[in-house]
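Observations on the three-dimensional arrangement
Here's the letter readout for the chains.
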Amino acid sequence: MDKTKRKAIIAGNWKMNKTPNEAKELLNAITPLVKDADCEVVACVPYVDLSVALEVVKGTNVKIGAENCHWEKSGAYTGEISTGMLTEMGVEYVVLGHSERRQYFGETDETVNKRTKAALAAGLKPIVCVGELLWERECDITEEVIARQIKLDLFDVSAEDVKKTVIAYEPVWAIGTGKTATADQAEEVCAFIRATLAKLYDKETADAVTIQYGGSMNDGNADELLSKADVDGGLIGGASLVAEKFAAIVKAAGK
Ligand code: PEP
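Everything numeric here is computed off the predicted structure, so don't read it as measured data. (Residues numbered from 1 in each chain as written. Predicted model: local features only at pLDDT ≥ 70, side-chain atom pairs only at ≥ 80, totals over all residues. Heavy atoms only, no water.)

**With respect to the overall build of the protein chain**
Within the protein chain, the secondary structure is distributed over 12 helices and 8 strands. Across the protein chain, contacts joining residues at least 24 apart in sequence account for 73% of those joining residues at least 6 apart. Of the roughly 11700 Å² of accessible surface on the protein chain, 52% is carried by carbon and sulfur atoms. Computed over 30 positive and 40 negative side-chain charges, the inter-centroid distance for the protein chain is 2 Å. (Helix = DSSP H or I, 4+ residues; strand = E, 2+ residues; numbered from the N terminus. Contact = heavy atoms within 4.5 Å. Areas by Shrake-Rupley, 256 points an atom, 1.4 Å probe, with all protein chains shown as cover. Lys, Arg positive; Asp, Glu negative; His and termini not counted. Charge placed at Lys NZ, Arg CZ, Asp CG, Glu CD.)

Okay, structure coming up:
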């Protein structure tokens, strides 16, 4: 595998953390620390922080993402946010199918697929999250689970569009638990995702897709995880809320 074919992307997923004032403070701390980054740097923030976040990163190399979007353009969907609302603001990325959305808010592969297609149609770059539960790993069906998610989440997405899509491999047992997959486990599944993409599309397309690892990645383990051939970056939860830790991961991605 040739990593130079792909852009490394380090994206923070802030989840339900940081008020607008706190977001301003955190991004003001992050931007100078990552200004020489040799990778794409993204902060995916709560909807109410988007406006201030976009203002703070103006003129910097940090891009802003949302944490979800709806598939309809507008209508009676109380509490939802459309792709057009995000693009008009200048948002570039959107996290979709995060395991917390799947676990707590009834997200399914079908709705992840609808959101992914809507995001791509609007010009947003989706970060589509896939990953197995602990008992699925213990039952030795990790590859089955991942292949199913990839096939369903990307159903009807063209090769051209899949190249604009980021896949985040996030073993559910490693998210927010402090338990990280070993670098070999992360590589094994990221390589499997790429092989699955090659079967669904072709090798050239699969080689162009950025595949991140996510799950308790931090400044202590990022070097090893990011050194793996098929791990093109990270989706970072907890460590993205501490400027120095996030910046250290960004630095590791540039090595
Ligand atoms: C995440 O929210 O996508 C994530 C990987 O969280 P954490 O880094 O805290 O495990």
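**A closer look at the site of the ligand**
By nearness alone, 14 residues border the ligand, and Lys 15, Glu 170, Gly 176, Ser 216 and Gly 237 come closest of all. Taking His 98, its side chain carries an N or O atom lying 2.9 Å from an oxygen atom of the ligand. Within the complex, 95% of the 290 Å² of free accessible area of the ligand lies under protein. Grouping the amino acids of the shell around the ligand by side-chain chemistry returns 4 nonpolar, 8 polar and 2 charged. (Near = heavy atom within 4 Å. Polar contact = N/O pair within 3.5 Å; in protein donor to acceptor, adjacent residues only side chain to side chain. Nonpolar A, V, L, I, M, F, W, Y, C, P; charged D, E, K, R; others polar.)

**A look at helix H9 (residues 183–200)**
Counted at 1.5 Å a residue, the expected span for H9 with its 18 residues is 26 Å, and the 26 Å between its end C-alpha atoms agrees. Ala 183, Ala 186, Glu 187, Val 189, Cys 190, Phe 192, Ile 193, Arg 194, Thr 196 and Leu 197 are the residues of H9 that are buried. (Expected span 1.5 Å × (residues − 1). Buried < 20%, exposed > 50% of the residue type's maximum accessible area, 1.4 Å probe, protein only.)

**Remarks on the sheet that holds strand S7 (residues 211–214)**
Spatial ordering of the closed barrel is given by S1-S2-S3-S4-S5-S6-S7-S8, a layout of 8 strands whose pairing is parallel. The average angle at which neighbouring strand axes cross in this sheet is 25°, direction not considered. As paired elements, S7 and strand S8 (residues 233–236) share 2 bridges and run parallel to each other. The residue bridging Tyr 213 from the neighbouring strand is Gly 234, located in S8. Across the face of the sheet, H9 comes into contact with strand S5 (125–130), strand S6 (166–169) and S7 while running at roughly 150° to S7. (Pairing = 2+ DSSP bridges. Axes fitted to C-alpha atoms, helices over the stretch in contact; angles between N-to-C directions.)

**Thoughts on the packing of aromatic side chains**
Under the criterion given, the structure shown has 2 aromatic pairs. With a centroid separation of 6.4 Å and 85° between ring planes, the pair formed by Tyr 104 and Phe 105 is classed as edge-to-face. The ring of Phe 105 is capped by Arg 101, whose NZ or CZ atom sits 4.1 Å from the centre of that ring. (Phe/Tyr/Trp six-rings, centres within 6.5 Å; stacked < 30°, edge-to-face > 60°. Lys NZ or Arg CZ within 6 Å of the ring centre and 35° of its normal.)

**What about helix H12 (residues 243–253)?**
Residues Ala 243, Phe 246, Ala 247, Ile 249, Val 250, Ala 252 and Ala 253 constitute the buried set of H12. Elements that come into contact with the buried residues of H12 comprise strand S1 (9–13), helix H1 (20–33), strand S2 (40–44), helix H11 (222–226) and S8.

**What to know about a negative patch on the surface**
On the surface, a cluster of negative charge is contributed by Asp 140, Glu 143, Glu 144 and Glu 188. Here Glu 188 shows up in helix H9. (Patch = residues over 30% accessible without salt bridge, like charges linked within 9 Å, V, L, I, M, F, W, Y side chains within 5 Å. Salt bridge = Lys/Arg side-chain N within 4 Å of Asp/Glu carboxyl O.)

**Focus: the layout of surface pockets**
Computed from the structure, the largest pocket encloses a volume of approximately 490 Å³. Lys 15, Met 16, Glu 67, Arg 101 and Phe 105 are, among the 17 residues lining the largest pocket, the residues nearest its centre. Tallied by class, the residues present in the lining of the largest pocket amount to 8 nonpolar, 4 polar and 5 charged. (1 Å grid on protein atoms, 1.4 Å probe; cavity = no way out; pocket = protein on both sides within 12 Å on 5 of 7 lines; lining within 4 Å. Points joined across faces, edges and corners; volume = space filled by probe spheres on them.)

**Section: the state of the cysteines**
For the structure shown, the criterion picks out 0 disulfides. With no disulfide of its own, Cys 39 lies 13 Å from the sulfur of Cys 44, the closest cysteine sulfur. (Disulfide = S-S within 2.5 Å.)

**Regarding the pattern of salt bridges**
Evaluated as defined, the whole model comprises 19 salt bridges. One salt bridge in this structure joins Asp 232 and Arg 6, with 2.9 Å as the shortest N-O distance. Of this pair, Asp 232 sits in the loop between H11 and S8 while Arg 6 sits in the segment before S1, and the two are 226 residues apart along the sequence. The same class applies to Asp 232 as to Arg 6, namely buried. The residue Lys 228 makes a salt bridge to Asp 184 at a minimum N-O spacing of 2.8 Å. Pair noted here: Lys 228 is in the loop between H11 and S8 and Asp 184 is in helix H9, with a separation of 44 residues, a long-range link. For Lys 228, a relative accessible area of 22% translates into the label partly exposed. Judged by relative accessible area, Asp 184 falls into the exposed class, the value being 54%.

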